[in-house]
Number of protein chains: 2
Amino acid sequence: MHRFKISEIGNNVFWLKGPEREHLVRVLRLSIGDEIIGFDNSGAEYKAVIEAIGDKSVTCKILEKDYPEVEAMAQVYLVAGLSKGEKMEWVIQKGTELGMAGLIPLRTKRAVMKLEGAKAKNRVERWQKIAAEAAKQSHRVKEPKIFPVSNWKELTELLPKDTQWLIPYENEQSQGLKTVLDKLDPQCPIAILIGPEGGFEEKEVQWSQEELKAHSVTLGPRILRAETAAIAALTLVLGYTGDLG
Amino acid sequence: MHRFKISEIGNNVFWLKGPEREHLVRVLRLSIGDEIIGFDNSGAEYKAVIEAIGDKSVTCKILEKDYPEVEAMAQVYLVAGLSKGEKMEWVIQKGTELGMAGLIPLRTKRAVMKLEGAKAKNRVERWQKIAAEAAKQSHRVKEPKIFPVSNWKELTELLPKDTQWLIPYENEQSQGLKTVLDKLDPQCPIAILIGPEGGFEEKEVQWSQEELKAHSVTLGPRILRAETAAIAALTLVLGYTGDLG
């Protein structure tokens, strides 16, 4: 059954507007009486039947409310250095499928790409759309939040105080991810800091260790591209917390 | 230092030919006296100095031979259903960085893409080049082998007899990857079967369970794209075997 993000919800009914309505009407060509699934980022999922199709909204009658156990128990965030081209896009797509709670695009010293002002805002909006699509496709009931493009000093304000920070770092030779995860509290959020193409500068790693109490970890002896490191670290953490089967 | 794949090796000397020579001369513009690193897929790495640049080959004098501990201990193979576009290419790129031993492109029932004859051969050659590039970039000393496009019945001939097969499958609800890995022998090769976009047909999964004694596993409740499942499963297996730090 096709899945849609709910625009507005009432008593036993919800409405699909804008692009969701467009997609239902123009692309999928569904009609009155067809059954669909709606979700509203609350963690609930609604089986519904299309009751009316207007030129501004589609009215759907709720048949069934469910709380599928599809979301990861662990709250794992990616904090990813801005990188060129489509890399961020696919980190967001894959990260959403795997079950990340959200992603913070980070300005770093070695970033090739600069994103400021309106350009940054638009980019984040596009990234949020990619997260929304991937959430649908993977049958999630909550979209990961894509945060505004941020600087190091803003990080602590964006995530809960009890967030536990991890920073994969090529100069960290000994401390493996599992050793660190054994020490962390799975009930508290985990944030994984991933550098841009050029990697973090040592000063940035030091800052994260001092200010965020970040644990530096090695992902092994092979040099991973930034986007590969992001997806691998996320997978290892969600695997450790039992969120990948 | 720049890394090159050795074309021919002798006593305290090696030669770079064809594209490797081109890359050294035209792209990197290195000259006599410059130091480079060469590898020959034997597991060894050679520090060398450029002695002569000819129009067919570059002669490099070996200064130092080393066996860096950069390759994964576990032999993990991906067997990936043919899928459209660039998906296979990035599974090969990411899989190589992470440390896969090799990849078998598999013809499956739901494959959207057909690859036969010369077209298949050329595609495999291109995929091998991508693996070679990713091996260099991640500082590996062995390129993963990209096998010919194969059918189900050929699989057992391509990998060692004691290979242990895993098949992530959406209808497998209970058996997690870790439960299965606890039962496997880390000394023997592990092959992970990943479907095409549409996933495997139930008959294919049954065949793998009967003929390959494949263990079906779940990667959790979220629906993963084929390429995401491939990289996630590979990461979880290499993480379990201690090959990702």
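Counting restarts for each chain, with residues numbered from 1 along the sequence as it is written. Chain letters start at A and ligand numbers start at 1, both assigned in the order the entries are written. Totals for whole chains, interfaces and linings use every residue, but because this is a predicted model, local features are given only for residues with pLDDT of at least 70 and side-chain atom pairs only at 80 or more, for both listing and counting. For the side-chain quantities, the full set of heavy atoms in the structure was used; hydrogens and water were omitted.

Enquirer: Tell me about the packing of aromatic side chains, residues and numbers included.
Expert: Two descriptors summarise a pair of aromatic rings, namely the distance from one centre to the other and the angle between the planes of the rings. Residue and element names in this part refer to chain A. Here the aromatic set is Phe, Tyr and Trp, taking the six-membered ring for Trp, and pairing holds for ring centres within 6.5 Å; pairs whose planes are under 30 degrees apart are stacked, those over 60 apart are edge-to-face, and all others are tilted. Tallying each qualifying case throughout the model produces 9 aromatic pairs over all chains. Judged by centre distance (6.2 Å) and plane angle (65°), the ring pair of Y77 and F147 falls under edge-to-face. Separated by 70 residues along the polypeptide, Y77 in strand β7 (residues 76–81) and F147 in the loop between β9 (145–146) and α4 (155–158) bring together distant segments of the chain. Each member of the pair, Y77 as well as F147, carries the same accessibility label: buried. Joined through ring pairs, the aromatic side chains of W152, F200 and W207 make up one cluster. Over the aromatic face of F147 sits the side chain of K145, whose NZ or CZ is 5.0 Å from the ring centroid. Only DSSP runs of H or I with at least four residues qualify as helices, and only runs of E with at least two residues qualify as strands; both kinds are numbered from the N terminus onward. Residue exposure (1.4 Å probe, protein chains only): buried if accessible area is under 20% of the type maximum, exposed if over 50%, otherwise partly exposed. Placement of a positive charge over a ring is assigned whenever Lys NZ or Arg CZ falls within 6 Å of the ring centre and within 35 degrees of the normal to the ring plane.

Enquirer: I'd like a rundown of the sheet that holds strand β4 (residues 35–39) of chain B, residues and numbers included.
Expert: All names here are of chain B. Should DSSP find at least two bridges between two strands, the strands are regarded as paired. The 6 strands are arranged β1-β4-β5-β6-β3-β2 in an open sheet whose pairing can be described as mixed. The open sheet terminates on both sides in strands that have one partner only, identified here as β1 (3–5) and β2 (8–9). Pairing analysis gives 5 bridges linking β4 to strand β5 (residues 45–53), with the strands arranged antiparallel. The partner of G38 across the bridge, within β5, is Y46. Whether two residues are in contact is decided by their heavy atoms: any pair within 4.5 Å suffices. Interaxial angle, 0 to 180 degrees, is taken between N-to-C directions of lines fitted to C-alpha atoms, where a helix line uses only the stretch in contact. Those strands touched by helix α1 (residues 18–27) are β1, β3 (13–17), β4, β5 and β6 (57–66), and its axis lies near 90° from that of β3.

Enquirer: Could you give me a rundown of the interface of chain B and chain A, with the residues and numbers involved?
Expert: Each partner contributes to the interface: chain B provides 34 residues, whereas chain A provides 35 residues. Here chain B meets chain A over a buried area of about 2,800 Å², counting both sides, of which 57% is carbon and sulfur. Throughout, buried area stands for the accessible area (probe radius 1.4 Å) lost by two parts on being put together, summed over both. When the area that chain B buries against chain A is broken down by residue, the three leading residues are R222, I223 and R225 of chain B, summing to 25%. What counts as a salt bridge is simple: a side-chain nitrogen of Lys or Arg found within 4 Å of a carboxyl oxygen of Asp or Glu. Counting across the interface, chain B meets chain A through 4 salt bridges. Across the salt bridge formed by E97 of chain A and R225 of chain B, the nearest N and O atoms sit 2.8 Å from each other. Polar contact criterion, stated in full: a pair of N or O atoms within 3.5 Å, where within protein one must be able to donate a hydrogen and the other to accept it, and residues adjacent in sequence count only if both atoms are side-chain atoms. Run the count over chain B and chain A and you get 18 residue pairs in polar contact (both at pLDDT 80 or more). Elements with a minimum of two residues in the side of chain B that touches chain A: α2 (87–98) and α7 (226–240) of chain B. The dominant element in the side of chain B that touches chain A, judged by the number of residues it contributes, is α7 of chain B, at 7 residues. Residue type decides the class: Asp, Glu, Lys and Arg count as charged, Ala, Val, Leu, Ile, Met, Phe, Trp, Tyr, Cys and Pro as nonpolar, and the leftover types, Gly among them, as polar. Of the residues assigned to the side of chain B that touches chain A, the class counts are 12 nonpolar, 13 polar and 9 charged.

Enquirer: Tell me about the domain arrangement of chain A, and name the residues and values.
Expert: All names here are of chain A. Domain extents, as shown, originate in an automatic or database domain assignment. Assigned domains within chain A: domain 1 (3–66) and domain 2 (76–240). Listed by partner, the interface residues are 10 residues for domain 1 and 6 residues for domain 2. It is R3, F39 and N41 that lose the most area in domain 1 upon contact with domain 2, and together they represent 62% of the buried surface on that side. The interface formed by domain 1 and domain 2 includes 2 salt bridges. Note that K5 is salt-bridged to E143, the shortest N-O span being 3.0 Å. In this assembly, domain 1 and domain 2 are joined by 5 residue pairs in polar contact (both at pLDDT 80 or more).

Enquirer: Any chance you could break down the pattern of salt bridges for me, citing the residues and the numbers?
Expert: All names here are of chain B. For the structure on display, the rule yields 34 salt bridges over all chains. The partner of E8 in a salt bridge is K17, with the nearest N and O atoms 2.7 Å apart. With a closest N to O distance of 3.8 Å, K136 and E133 form a salt bridge. Taken together, the positions of K136 and E133, both in helix α3 (residues 117–137) and 3 residues apart, correspond to about one turn of that helix.

Enquirer: Run through the pairing of β5 of chain B, naming residues and quoting values.
Expert: All names here are of chain B. In this structure, the hairpin formed by β4 and β5 is closed by a connection of 5 residues, where N41 is found at a positive phi of approximately 65°. As defined by bridge partners, β5 adjoins β6 across 8 bridges and the pair is classed as antiparallel. Among the inter-strand pairings, A52 is bridged to a residue of β6, identified as T59. Where β5 folds back on β6, the antiparallel hairpin that results is connected by 3 residues.

Enquirer: Please give an account of helix α6 (residues 202–211) of chain B that cites residues and values.
Expert: Residues and elements named next belong to chain B. For α6, the full list of buried residues reads E204, V205 and S208. With its buried residues spanning 100° around the axis, α6 presents them on a single face. Contacts from the buried residues of α6 go to β10 (164–168) and β11 (190–194). Summarising the geometry, the arc corresponds to the directions from the helix axis toward the C-beta atoms.

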